[in-house]
Amino acid sequence: MTPLPDHRPQKLSLGPLEKEILHWVWQLGSATVKDIHERILADPDRELAYTSVTTVLQRLEKKGWLTSRKRGRAFSWSPRMSQEEAEVLFAYEQFNRFLAVSNPDIVAAFADSLDSASLEQIQAIAHRLQAVRQAREEKES
């Protein structure tokens, strides 16, 4: 089970191009503007200026998703968290937004409408959570 990451980006919201470029950085582990630009232009139906890629990478760094390092004359961009950690963080934020509704009737209506497969998933999550908490308690004592 992937825990919540220690680092959290200042802004979780990402536009479509930001998501795509972040995906490429995750795939490559570390990338230059040229690396990303070439991959985007590999699709013959796409057009995107080199400077636009630079702008998006800088924006992702400002939001807290990437770090940069100068290598010679070019910058190299690396993710500040793994894709799996980001998915955990997004799910955590969505779950908190759902709980913020604070209306038991809405939550109950939602839970009542779940199908049996969803209920099985919720039960599996509850069992996994119980096992993780028990292991943590045993480790602490």
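Structure shown above.
Please read these numbers as outputs of a predicted model, since none were measured by experiment.

Undergrad: Could you give me a rundown of the side chain of H37, with the residues and numbers involved?
TA: Within the secondary structure layout, H37 lies in helix α2 (residues 33–41). According to the relative accessible area criterion, H37 is buried, its value standing at 14%. Of note is the side chain of H37, whose polar atom sits 2.7 Å from the backbone oxygen of L48.

Undergrad: Can you break down the environment of G29 residue by residue, with the values?
TA: Considering the arrangement of structural elements, one finds G29 in the loop between α1 (16–28) and α2. Each C-alpha atom of the pair G29 and R133 lies 32 Å from the other, and the pair is 104 residues apart in sequence. The residues contacting G29, other than those within four sequence positions of it, are W77, S78 and P79.

Undergrad: Explain the layout of surface pockets residue by residue, including any values.
TA: Estimated volume of the largest pocket: approximately 870 Å³. Lining of the largest pocket is provided by 23 residues; of these, A91, Y92, F95, I125 and L129 occupy positions nearest its centre. Put simply, the parts of the chain that give the lining of the largest pocket at least two residues each are α4 (83–99), α5 (104–112) and α6 (116–140). For the lining of the largest pocket, the element with the highest residue contribution is α4, accounting for 8 residues. Among the residues making up the lining of the largest pocket, the classes are represented as 17 nonpolar, 4 polar and 2 charged.

Definitions and cut-offs
Residues numbered from 1 in each chain as written. Predicted model: local features only at pLDDT ≥ 70, side-chain atom pairs only at ≥ 80, totals over all residues. Heavy atoms only, no water. Helix = DSSP H or I, 4+ residues; strand = E, 2+ residues; numbered from the N terminus. Buried < 20%, exposed > 50% of the residue type's maximum accessible area, 1.4 Å probe, protein only. Polar contact = N/O pair within 3.5 Å; in protein donor to acceptor, adjacent residues only side chain to side chain. Contact = heavy atoms within 4.5 Å. 1 Å grid on protein atoms, 1.4 Å probe; cavity = no way out; pocket = protein on both sides within 12 Å on 5 of 7 lines; lining within 4 Å. Points joined across faces, edges and corners; volume = space filled by probe spheres on them. Nonpolar A, V, L, I, M, F, W, Y, C, P; charged D, E, K, R; others polar.

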